[in-house]
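Survey of secondary and tertiary structure
Listed here are the chains, written in short residue letters.
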Amino acid sequence: MTSLAALHPRLPSPAQEIEDDRFTRHGIRLLLKRDDLIHPELIGNKWRKLAPNLTAAAGRTVVTFGGAYSNHLRATAAAGRLLGLPTVGAVRGQELADRPLNPSLARCAADGMRLHFVDRSTYRRKTEPETLAALVRAADAEGAYVVPEGGSNALAVRGCHALGEELRGHADVVALACGTGGTLAGLAAGLAPDQRALGIPVLRGGFLTADIQTLQDRAFGGRRGSWRLDERFHFGGYARTTPVLDAFAEDFEDRHGLPVERLYVAKLLYGLVALAEEGAFARGTTVAAVITGRPFP
């Protein structure tokens, strides 16, 4: 297997200050932490979470999980191609097996990932040991290294600790969009005591606080860092957008020349603009927004 170092990740990722009157008129300084520039194919927090898991896999087949538009599945498939590592993607939705692959899953397959479609009821129980073992057998992948949905496990959380360390001394508040919560769990632990982390969940349900706490318990033995969630900006849930969000993202792109990924990054930036207007950040605050991905072609 090719060494991860041979992929030449750009670490630490750059921090870019931008001028935006929606922040400056409130006395807020905005930085973009450009994790989307770490690697052209293993983008952003996907590098940070996958790298320690791929090392632990030690050349074994990697089995992981995701929905039909999962960024995590695409990143894992790309890693498999780049590193010469077999990958299997367990995809939520048995009904998708008889349909043409969407562009996201087609990219996974083109990168060599073997797709195994799972009915939704079984998929919901995938963390149960017996169900997981049966899923791995059904995918003909016994002995494989299993990475959970979104890549969020204790190894991944510890891998994201470096993101917080890179931002020490650069911002008062560090904000990012959250799917499974692993990046926030590690980021918050890596920040300095006088910094705080803000998560913008992209899924509905109100379950993420408990999940992040569990991830920190497993990675660090308890809660670490100052962090909170604002659950108002999911725009209907994962993979959901609205005309309002699309218009906001297009305007941000026009203002700053930055392609804005819709499922995570647009919701983060929209939430930060709304919070600035609400007076959530004191004048003189520096906010760093973690850009975890870029638009899928």
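For the structure itself, consult the block above.
What you see is a predicted model; the values in this text were computed from it and never measured. (Residues numbered from 1 in each chain as written. Predicted model: local features only at pLDDT ≥ 70, side-chain atom pairs only at ≥ 80, totals over all residues. Heavy atoms only, no water.)

1. Concerning the nonpolar core
Membership of the largest hydrophobic core comes to 34 residues, with the highest contact counts inside it found for L32, L198, L269, L272 and F281. Those elements that place two or more of their residues in this core are strand 2 (29–33), strand 7 (173–178), strand 8 (196–201), helix 10 (243–256), helix 11 (265–278) and strand 10 (286–290). Residue contributions to this core peak at 9 residues, all from helix 11. Residues in contact with L272, not counting those within four places in the same chain, are F23, A175, L198, F281, V287 and A289. Core analysis: the second largest hydrophobic core is formed by 25 residues, V174, L176, A185 and A188 among them. (Core = buried A, V, L, I, M, F, W, Y, C linked by side-chain atoms within 4.5 Å. Buried < 20%, exposed > 50% of the residue type's maximum accessible area, 1.4 Å probe, protein only. Helix = DSSP H or I, 4+ residues; strand = E, 2+ residues; numbered from the N terminus. Contact = heavy atoms within 4.5 Å.)

2. Section: the state of the cysteines
Summed over all chains, the structure comprises 0 disulfides. Of the cysteine sulfurs around C160, a residue in no disulfide, the closest is that of C178, at 11 Å. Among the residues examined, C160 registers a relative accessible area of 0% and is labelled buried. (Disulfide = S-S within 2.5 Å.)

3. Quick word on the sheet that holds strand 4 (residues 87–92)
Sheet architecture is open: 4 strands sit in the order 5-4-3-6, paired in parallel fashion. Looking at the sheet topology across the chains shown, the edges are occupied by strand 5 (114–118) and strand 6 (145–146). (Pairing = 2+ DSSP bridges.)

4. Some details on the packing of aromatic side chains
In this structure the tally under the stated criterion is 6 aromatic pairs. Their ring planes at 70 degrees and their centres at 6.3 Å tell us that F65 and Y123 sit as a pair that is edge-to-face. Placement of the pair is F65 in strand 3 (residues 62–66) and Y123 in helix 5 (residues 120–124), with a sequence separation of 58 residues. Its relative accessible area of 3% is what places Y123 among the buried residues. (Phe/Tyr/Trp six-rings, centres within 6.5 Å; stacked < 30°, edge-to-face > 60°.)

5. Side note on the pairing of strand 10
Sheet faces and side chains relate simply in a regular strand, where the side chains alternate between the two faces. Of all 5 residues making up strand 10, 5 are buried, and the element is well covered by its neighbours. Because side chains alternate across strand 10, one face comprises the buried residues T286, A288 and V290, and the other comprises V287 and A289, equally buried. As judged from the 5 bridges shared by strand 2 and strand 10, these two strands associate in the parallel manner. Along strand 10, the bridge assignment pairs L31 with A288. Pairing geometry for strand 7 and strand 10, over 3 bridges, is parallel. What sits directly across from A175, in strand 10, is A289.

6. Some points on the pattern of salt bridges
Tallied over the entire structure, the rule returns 21 salt bridges. R25 serves as the salt-bridge partner of E277, at 2.5 Å between the closest nitrogen and oxygen. Taken together, the positions of E277 in helix 11 and R25 in the loop between helix 1 (21–24) and strand 2 put the pair 252 residues apart, joining distant regions of the chain. According to the relative accessible area criterion, E277 is partly exposed, its value standing at 40%. Residue R25 is classed as partly exposed on the basis of its relative accessible area, which comes to 45%. Ionic pairing is found between D246 and R262, a salt bridge with its closest N-O pair at 3.5 Å. With D246 in helix 10 and R262 in the loop between helix 10 and helix 11, this residue pair connects regions lying 16 residues apart in the sequence. For D246, a relative accessible area of 25% translates into the label partly exposed. Among the ionic contacts, a cluster of salt bridges with common partners joins D20, D21, R22, R25, D251, R255 and E277. (Salt bridge = Lys/Arg side-chain N within 4 Å of Asp/Glu carboxyl O.)

7. Quick look at helix 4 (residues 103–110)
Because an α-helix packs 3.6 residues into every turn, residues spaced three or four apart end up facing the same way. Every buried residue of helix 4 is listed here: S104, L105 and C108. Buried residues of helix 4, viewed axially, fall in a sector of 90 degrees; they line one side. Looking at helix 4, the residues exposed on the side facing more than 90 degrees away from the buried face are P103 and A110. At its buried positions, helix 4 is contacted by helix 3 (71–83), strand 4 and strand 5. Where helix 4 starts, the residue carrying a side-chain oxygen 2.9 Å from the main-chain nitrogen of S104 turns out to be N102. With its phi angle positive at about 95 degrees, G112 sits one or two positions after the end of helix 4. (Arc of directions from axis to C-beta. Polar contact = N/O pair within 3.5 Å; in protein donor to acceptor, adjacent residues only side chain to side chain.)

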